[in-house]
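Now for the letters of each chain:
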Amino acid sequence: GLLPKSETQSMQFLSNNPQWDGRGVIVGVLDTGVDPGAIGLQQTTQGTVKVIDIIDCTGSGDILLQPPCMASEDHSIPGIGNRKLYINPAWNNPTGKYRVGVKALYDLYPDRLKERVSNHRKKMWSREHEKAEWQLQNSKTEQSDEDLQARISVLRSMGKDVSDPGPIVDCIVFHDGEVWQAAIDCSGTGDLSKVEPMTDYRRHNQYRRFSEDDALNYCVNIHDDGSVLSIVTDAGAHGTHVAGIISAFHPENPECNGVAPGAQIVSLKIGDSRLGSMETGPGLVRALIEAVKRGCHVINMSYGEAATWDNEGVFVRLAEELVHKHGIIFVSSAGNNGPCLSTVGAPGGTSSCMISVGALVTQSLMKAAYSMKSSVPDTNFTWSSVGPATDGDMGVTVLAPGGAITCVPNWTLNKTQLMNGTSMSSPNACGCIALLLSAAHASNIHVPDTLPVSLLSPARLRMAIENSALMLSRDAVDTLGQHHGVLQVENAWEHIVKNQSDSSVDIPLRVTVKCQRFKRGIYLRQPSEVATAQTFVVQVDPIFHENETADTKIHYEMRLHVESSASWVTCPEYMLLAQSGKVMKISVDPTGLPVGEHFVEFVRGYDENNREKGPVFEVPITVIMPEVVPALSKELRLGVIELPETQRLRKFIVPPQGCTFIDVIITDERLFINPADGCDDESDHTSKDSSARMIVMHALQLMPGQPYRDNEKQSYINLTPGSTHCVSFSVTEGVTVEMVLARFWSTLGDVKVNVVLNFRGVIPSVNPLCISNGNQVSDLVTLAAELETVSIDPTSKLDKWQTTIQPLKKGEVTSLGERDVLPSGTPLYQLLLEYSFKQRSSGSITPRWPGLNDMLYESPFHGQFYMIYDSRKCLIGTGDAWPRAVSIKKGDHTVRIQIRHESPSVLEGLSQLPMVLERSLTGNGVLKLTCHKSKMDALLDVALPQMDILRGTSQSLVWKAPSPEKYPKGTAPGDIFIGTVNYMKSSSNASGSGCRPGGFKVQFIVSSVQPENVSSKADSSKTNANNDTAEVDKEVDKLKEVSRQALVRHLEGIVGNEKNFDRLYEAVLAEYPDYVPLRLLRLSHLMKVFYRGDQVNDVQIRLMEEAISCADGVVSLIDQNAIALELGTCVGDDGAAKARRREVEKQRDHLVSALSLKCHALINIAGIQNCVSGGVESVSDVDSTFDSTYKELKRWENPATTDSNWRLHVHSLKLSKRFGEALKRINDLIAKPLTTDSYGPSDTLKYLEKERSSLMRDLGWDHISRYLSARAILSSVDQYLPF
């Protein structure tokens, strides 16, 4: 019962055939990744390695390494962030070249592990922080009270603001002459001299653990000629649990074994760690590529979701190639979205080439795994997805046990865990198939020559399990939930053996219905479809391998007897099938079927020469006979309903005209009797059992071009005696709704409920609503109340703001690397697009590409993935086909997207694809439309009066756009605000919310905006008509000034160019020796050359000494007394006096610039001398000169109150040992948009963070400094991350 096997006959099969335990079979596990250190996954029954390869197909563990470097004499190499990494000189590296990288382990941790580790680190960090705060408050310091209070303030704020970057690891990659090797430093010291390098996992099956704290095992793979290191970890416990179900081996505890303990595992990680283990297109495609490369015989994929289109898309096409060309058997989960019909997920339940497995809950599982005191009959789990697929295919192939207790990764700190779902039933079935493949391999069952790697053709295996499965009663499981029934291993093996000489079994047949709405079966659901008899054309084709011989095709012929399972379905009796296929007609006449029920029947074809092998093809026919609710009906009473064990009550209705939502009122028929009342009444309506009874209410409409999830409502309800519950869901009138009521699979005891359906709503004549601010007022909206008299209270909410952003440049199409070549040899290509935008305030954003989004398995592209970066290229968010909201801060941001396809021309067509940036509006930022009775009322802002719409009548109204002053800042023409409107008055009584859940869609298009800072004031400046009489000599002076300024502007353009600037500067200086702006330009040039940082220390000191000399020269040219005298007087209205004041202020600014630059140069010299351990006296002299210069500067400008010279202020505070005030100033600067200092470092933020970290160490706050240093290391990787 812990891992059910008897229900599928796998236990009996192994008992009878212990050597056929999966040995010789390689199983690919497409999942979150498999932990090779998990209990039961070390070895097979033959003592060989269990997990033979581990591959991260997502790229989430990729590190794009730095260019190659050589080691120094001290055996060090430069690491990320200007640190030294020490290597082992004994490593065999013939070229002497090393590549380095860094990775934050939080990027690799599964979500649960990250939470556990971060909580532990937070606890330890908080202890250090509290100790530091206590020491600070109780220390005796010679510093001022102001600095002490600043230290306390900073320490407390850092306790709130500092985020934990988590552990980081340094990585070194080199080539040992044979293979690439990787050394990973998990100590955080930078000393890798004792680290044993690792190579690709498949070579030596090496794996290690990052630390005892995380207990996370990892391995490595190295790609693209050593430029990319992939650190492989699992993204969750799911994949290891799946692998344990398939093939765990416990020699000392055999009852805990997986289904096929002799099989080997290839872990193909498709769960992206960056997305919380969600699968992505690139990961899925790479997984199929690797499954072929690694020689997998069967693969399991316990992933999936709703799809818009069935059996379509790149992934399905590649999966078909995998099965039909390479002979790999593909097993997948059906989905966990039941109990409604048509809830099978992609790819398992929607793709013909896959074996789709539903989840069976058995009595043994109930008792052993769930510890239930009593059990219910074997059934499928309530949530197990049910067919048919929307294109008519059955959706589910077989059932297998959908729960197990088996191994989980070490990082969970557990050996085993209970999990359930079709995620568990699929690997159970996969293990059963591995047993059959193992038996076939040992028994030399014939395999077609076209499938040299396969152990058994997928078609033969599939026919065997389908035609030998155990069908459960329809009372236990609906036909659409089990199809063929529970997989039976012994029966399937018997089928394989009996039919091993029949070569036709190796050739699968494809059924195609020639119909626009469905293709793989017949599915009638809407009233018009079941109102008359219909005839459908069906094509049956054999699927030959692309390398099949002509003789095989010529001699292929099968005489088939065709049968219908129902009298209302007719078909031809015989069919002769050749390689070109055969067409037949099937007539369906549902007109005599009872209303309110659904029916599943089949047309099946049998081989006349071998009928015992079972059907060779089938055409499923699903018919729903909906109950059309009479017009004007307000409610439908279902009465008192008993919900038996294992059964689902399905109700199919067509909502009446005028219905936009349904309230389902569910009342528990039990009346609780309080024992204190002493009542002995034991009537049918009373109960002494007050325990909760869980039921599920699931409603669904299928709409063309939409996945089922967009039109469903699912509620789990805990019933208590006498309780009433209302579930509301929106509907589209005239379209069949399925509503299912079922007790939860584990619910015990009687369940009786009274159910009433209330049909409600008003129908707006305009839906969706669209307004532009060019019109201000919407078109007339007419509201019709067909079902009841309703009170109208229109409300609106525009809470999404969409802006279209063009790429920065035309996208570039390039080929991808070695991992992205399809099994056919076709290389994949990528299109990279880059967008930038400015975020005016912190908030939530979602980047969208509407033409690409919301499709994964059915997408025609091989994948898409985007990354969001801040201005420092720090990653702050990721997403794929389903964009998700990311919280970002104010500032400049960049979005990069990678789109993949095998055709460069297709990608070229998207090279200028725009992005739609969606911002979330919250609080007062949410825009609202106002509702009015008429357009005139809207223009006059006359409020809409209280209004009721009588049943059978209608009323009109209009919506008015919000005023422009309410738009968020940055709104531009073409922007769109989207949201919802509601018309009915809300209420909170038992009959529901009173308005349509989700409302009606509305969008507001901005066609024009009022320019910011618009002023209507006329220009008051006046021209002097007498200026044209100016003297000629003044004009000459002006001409000379223009010439001088032109020379200076030219010099400005070559600042930092050592080759050209000096020569031209000397020539201009000779003509204008006392021109202060020219000398200041020389200072800027010297600073720029210095900060380029490509000189030795002595040269840098000489540059700064020359800068100091230049600055002194500028100061000597300025009459400081004259400036002081002029600025100390008041200026009246005299024009000449104002002009003189402006000239003096300019001289003061020049003086400030010169003194500031001299201070910067002195700071730079002190920094170099400190770095090279220069004499204390020389550093002291520099500091003394800085102090005097800084005091002189403060006469003209206070650096403490200006952002332009913050570096000087911080340095002055540090010299005064006022570390608290220095830290406070740095924190203030980091917290706001920074003004880049013209004479300071080019990366202002990086410099501030480095200074802050240094001050933290000086103060003994190492716990904060560690976090800040780690952040600085990660942010110093000046490149975008690999996709």
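All of these numbers come straight from a predicted model, not from anything done at the bench.

What counts, and at which threshold
- Residue positions are counted from 1 within each chain, in the order its sequence is given.
- Confidence filtering applies because this is a predicted model: local features only for residues at pLDDT of at least 70, side-chain atom pairs given and counted only at 80 or more, and all residues used for totals across whole chains, interfaces and linings.
- Derived side-chain values reflect all non-hydrogen atoms in the structure, with water molecules and hydrogen atoms excluded from consideration.
- A run of DSSP states H or I qualifies as a helix once it reaches four residues; a run of E qualifies as a strand once it reaches two. Both are numbered from the N-terminal end.
- The buried label applies to any residue whose accessible area, calculated with a 1.4 Å probe on protein chains only, is under 20% of its type's maximum; exposed applies above 50%, and partly exposed to all values in between.
- The contact rule is simple, with two residues in contact once any of their heavy atoms fall within 4.5 Å.
- Surface exposure here means Shrake-Rupley accessible area, sampled with a 1.4 Å probe, where a residue is shielded only by the protein chains that are shown.
- Here an axis means a line fitted to C-alpha atoms, over the contact stretch when the element is a helix, while the angle between two N-to-C directions is reported on a 0 to 180 degree scale.
- Each angle is binned into one of four classes, with values under 35 degrees roughly parallel, values over 145 roughly antiparallel, values of 65 to 115 roughly perpendicular, and all other values oblique.
- Crossing chirality is assigned from the near helix's rotation relative to the far helix, an anticlockwise turn below a right angle marking it left-handed and a clockwise turn marking it right-handed.
- Side-chain rings of Phe, Tyr and Trp (the six-membered ring for Trp) are treated as a pair once their centres are within 6.5 Å; stacked means planes under 30 degrees apart, edge-to-face means over 60, and tilted covers the remaining angles.
- In this scheme, the term charge over a ring applies when either NZ of a lysine or CZ of an arginine sits within 6 Å of the ring centre and within 35 degrees of the ring normal.
- Excluding any residue in a salt bridge, patches collect residues exceeding 30% relative accessible area, merging like charges within 9 Å and nonpolar Val, Leu, Ile, Met, Phe, Trp and Tyr side chains within 5 Å.
- The working definition used for a salt bridge is a side-chain nitrogen of Lys or Arg within 4 Å of a carboxyl oxygen of Asp or Glu.
- Paired strands are those between which DSSP finds at least two bridges.
- In this scheme, a helix's expected span is set at 1.5 Å multiplied by one less than its residue total.
- Throughout, the arc means that of the directions going from the helix axis to the C-beta atoms.
- Every residue is assigned a pLDDT by the predictor, reflecting its confidence on a scale from 0 to 100.
- Residues grouped as a nonpolar core are buried Ala, Val, Leu, Ile, Met, Phe, Trp, Tyr and Cys residues, joined through side-chain atoms within 4.5 Å.
- Two N or O atoms form a polar contact when they lie within 3.5 Å of each other; inside protein one atom must be a possible hydrogen donor and the other a possible acceptor, and for residues adjacent in sequence the pair counts only when both atoms belong to side chains.
- Gly is put with the polar residues, along with every residue not named as nonpolar or charged; the nonpolar set is Ala, Val, Leu, Ile, Met, Phe, Trp, Tyr, Cys and Pro, and the charged set is Asp, Glu, Lys and Arg.

**Student:** Mind showing me how you'd approach the overall build of the chain here?
**Tutor:** Scanning the chain for helices and strands turns up 27 helices and 59 strands. The principal-axis extent of the C-alpha atoms belonging to the chain is close to 115 × 85 × 75 Å. Expressed as a percentage of the 1283 residues in the chain, the buried residues total 55%. Long-range pairs, those at least 24 residues apart, make up 75% of the contacts in the chain with a sequence separation of at least 6. When the accessible surface of the chain is split by element, carbon and sulfur atoms take 48% of a total near 55,100 Å².

**Student:** What's the story with the packing of helix H10 (residues 458-466) against helix H12 (residues 489-498) in this structure? I'm lost.
**Tutor:** When two helices pack together, their arrangement is given by the angle between the helix axes and by the axis-to-axis distance. Direction vectors running N to C along H10 and H12 enclose 130 degrees, while the axes themselves pass 8 Å from each other. Between H10 and H12, the angle falls in the class oblique. Here H10 and H12 pass one another in a crossing that is right-handed. On H12, the residues that touch Met463, Ala464 and Ile465 of H10 are Ala492, His495 and Ile496.

**Student:** Mind showing me how you'd approach the packing of aromatic side chains here?
**Tutor:** If you walk through the whole model with that rule in mind, you get 30 aromatic pairs. Centroid distance Tyr370 to Trp745: 4.8 Å. Interplanar angle 70 degrees. Geometry classified as edge-to-face. Here Trp745 lies in the loop between strand E41 (737-743) and strand E42 (752-760) and Tyr370 lies in the loop between helix H8 (363-368) and strand E19 (379-380), a separation of 375 residues in the sequence. Relative accessible area serves as the criterion here: at 7%, Trp745 is assigned to the buried category. Ring plane angle 85 degrees and centroid distance 5.4 Å describe the contact between Phe544 and Tyr556, whose orientation is recorded as edge-to-face. Taken together, the residues Phe544 in the loop between strand E25 (534-542) and helix H14 (550-555) and Tyr556 in the loop between H14 and strand E26 (557-564) connect sequence positions 12 residues apart. With a relative accessible area of 7%, Tyr556 lands in the buried category. Here the aromatic cluster, defined as three or more aromatic residues joined through ring pairs, consists of Tyr370, Phe381, Trp383, Tyr716, Phe744 and Trp745. For the cation-ring pair, Arg517 lies above Tyr523, with the distance from its terminal atom to the ring centre recorded as 5.7 Å. Above the ring of Tyr606, the side-chain terminus of Arg611 is found at 4.0 Å from the ring centroid.

**Student:** Honestly, a nonpolar patch on the surface in this entry has me stumped. Any pointers?
**Tutor:** A cluster of nonpolar side chains, Met936, Leu939, Leu940 and Val942, forms an exposed patch at the surface whose accessible area comes to about 400 Å². As for its placement among the helices and strands, Leu940 is situated in the loop between helix H16 (935-939) and strand E56 (947-949). Look at Leu940 and you get exposed, because its relative accessible area is 57%.

**Student:** Mind showing me how you'd approach helix H24 (residues 1206-1215) here?
**Tutor:** Of all 10 residues that make up H24, 8 are buried, and the element is covered over most of its length. Among all positions in H24, only Trp1206, Arg1207, Leu1208, His1209, Val1210, His1211, Ser1212 and Leu1213 are buried. Taken from the residues just after H24, Lys1217 is the one with a positive phi, measuring 60 degrees.

**Student:** Can you walk me through the sheet that holds strand E23 (residues 509-513) in this structure?
**Tutor:** Strands belonging to one sheet form pairs held by backbone hydrogen bonds; the direction of such a pair is parallel or antiparallel. Judged by pairing direction, the sheet is antiparallel, and its 4 strands sit side by side in the order E23-E25-E29-E27 without closing on themselves. In this open sheet, the two edge strands, each paired with only one partner strand, are E23 and strand E27 (569-570). Relative to E25, E23 runs antiparallel, the two sharing 5 bridges. Looking at the pairing, Val513 lines up with Val538 of E25.

**Student:** Which parts of the structure should I look at to understand the environment of Leu360?
**Tutor:** Tracing the sequence through the fold places Leu360 in strand E18 (residues 355-361). For Leu360, a relative accessible area of 1% gives the class buried. For Leu360 and Tyr869, which are 509 residues apart along the polypeptide, the C-alpha to C-alpha distance reads 45 Å. Residues in contact with Leu360, not counting those within four places in the same chain, are Asp378, Thr379, Asn380, Phe381, Leu399, Ala400, Pro401, Gly402, Leu472 and Val486.

**Student:** Help me out: how do you make sense of the environment of Gly79 in this one?
**Tutor:** Relative to the elements of secondary structure, Gly79 occurs in strand E5 (residues 76-79). Separated by 13 residues in the primary sequence, Gly79 and Gln66 have C-alpha atoms spaced 9.1 Å apart.

**Student:** Looking at this structure, how should I read helix H18 (residues 1058-1071)?
**Tutor:** An α-helix turns once every 3.6 residues. As a result, residues three or four positions apart point the same way. For H18, built from 14 residues, the straight-helix expectation of 20 Å at 1.5 Å per residue is met to within 8% by its first-to-last C-alpha distance of 21 Å. Taken residue by residue, H18 has Phe1061, Tyr1065, Val1068 and Leu1069 as its buried positions. Taken end-on, H18 shows its buried residues confined to a sector of 100 degrees, consistent with a single buried face. Facing away from the buried surface of H18 by more than 90 degrees, the exposed residues are Lys1059, Arg1063, Ala1070 and Glu1071.

**Student:** Before we go on, may I ask you to explain the sheet that holds strand E31 (residues 615-624) in this structure?
**Tutor:** Strand order in this open sheet of 5 strands is E24-E31-E30-E26-E28, and the pairing throughout is mixed. Each edge of the open sheet carries a strand with a single partner, namely strand E24 (522-524) and strand E28 (574-578). Here the strands of the sheet are splayed against their neighbours by 20 degrees on average, with no regard to which way each runs. Bridge count between E26 and strand E30 (residues 598-607): 5 bridges; the pairing is antiparallel.

**Student:** Quick question: what am I supposed to make of the confidence of the model for the chain here?
**Tutor:** When pLDDT is averaged across the chain, the result is 91; 94% of the residues are at 70 or more. Long-range and interchain partners of residues 679-685, a stretch whose pLDDT sits below 50, account for 6 contacts in this model, where long-range means more than four residues apart. Ignoring residues within four places in sequence, the model shows residues 1173-1177, a span with pLDDT below 50, making 1 contact including any to other chains.

**Student:** Please clarify how the nonpolar core should be interpreted in this entry.
**Tutor:** Inside soluble globular proteins, nonpolar side chains tend to come together where they are buried. Within the largest apolar cluster, 81 residues are counted, with the highest numbers of intra-cluster contacts made by Val27, Leu229, Ile231, Val298, Ile433 and Trp493. Val27 has contacts with Ile246, Ala263, Gln264, Ile265, Val266, Cys296, Val298, Cys430 and Ala434, leaving out every residue within four places of it along the chain. In terms of nonpolar packing, the next biggest core, distinct from the first, is built from 50 residues, Tyr556, Val588, Val600 and Val616 among them.

**Student:** How should I be thinking about the side chain of Ser728 in this particular structure?
**Tutor:** Structurally, the position occupied by Ser728 is in strand E40 (residues 724-730). A relative accessible area of 14% means that Ser728 is categorised as buried. Polar side-chain contacts of Ser728 include one of 2.4 Å to the side chain of Asp663.

**Student:** What am I meant to see in the pattern of salt bridges here?
**Tutor:** One side chain can pair with another of opposite charge once the charged atoms of both are near each other. Enumeration over the complete set of coordinates arrives at 55 salt bridges. For Arg517, the salt bridge goes to Glu529, with nearest N and O atoms at 2.7 Å. You can see Arg517 sitting in the loop between E23 and E24 and its partner Glu529 sitting in helix H13 (residues 527-530), a full 12 residues away along the chain. Since its relative accessible area comes to 37%, Arg517 is described here as partly exposed. Note that Lys1214 is salt-bridged to Glu1251, the shortest N-O span being 2.8 Å. With Lys1214 in helix H24 and Glu1251 in helix H26 (residues 1244-1258), this pair connects stretches of sequence that are 37 residues apart. On the basis of relative accessible area, Lys1214 is assigned to the partly exposed category, the value being 22%. Salt bridges linked by common partners bring Asp53, Glu290, Lys293 and Arg294 together as one network.

**Student:** Please clarify how the packing of H18 against helix H19 (residues 1076-1092) should be interpreted in this entry.
**Tutor:** Between H18 and H19, the least distance of the axes is 11 Å, while the angle of their chain directions is 165 degrees. Classified by the angle between their axes, H18 and H19 sit roughly antiparallel to one another. As H18 packs across H19, the resulting crossing turns out to be left-handed. Residues Glu1058, Phe1061, Asp1062, Tyr1065, Val1068 and Leu1069 of H18 form the contact with H19, whose own contacting residues are Leu1078, Arg1079, Leu1081, Arg1082, His1085, Val1089 and Arg1092. In terms of residue class, the contact of H18 with H19 is made up of 7 nonpolar, 1 polar and 5 charged.

**Student:** Explanation requested: the pairing of strand E50 (residues 863-870) in the structure shown.
**Tutor:** Regular strands place side chains that alternate from one sheet face to the opposite one. Burial analysis of E50 places 7 of its 8 residues in the buried class, which makes it a mostly covered element. Of the strand pairs in this sheet, E50 and strand E53 (residues 891-901) are connected by 8 bridges, and their pairing is antiparallel. Looking across to E53, one finds that Tyr866 is bridged to Ile897. Where E50 lies against strand E51 (residues 875-879), 4 bridges are found, and the strand directions are antiparallel. Opposite Tyr866, over in E51, you have Gly879 as the bridge partner. The antiparallel pairing of E50 with E51 creates a hairpin that spans 4 residues between the two strands, and Lys873 there sits at a positive phi of about 65 degrees.

**Student:** Would you take a moment to explain the side chain of His901 for this structure?
**Tutor:** Structurally, the position occupied by His901 is in strand E53. For His901, a relative accessible area of 13% gives the class buried. A distance of 3.3 Å separates the side chain of His901 from the backbone oxygen of Pro860, its partner in a polar contact. Discounting chain neighbours no more than four positions away, the residues touching His901 are Leu828, Tyr829, Pro860, Phe861, His862, Val906 and Leu907.

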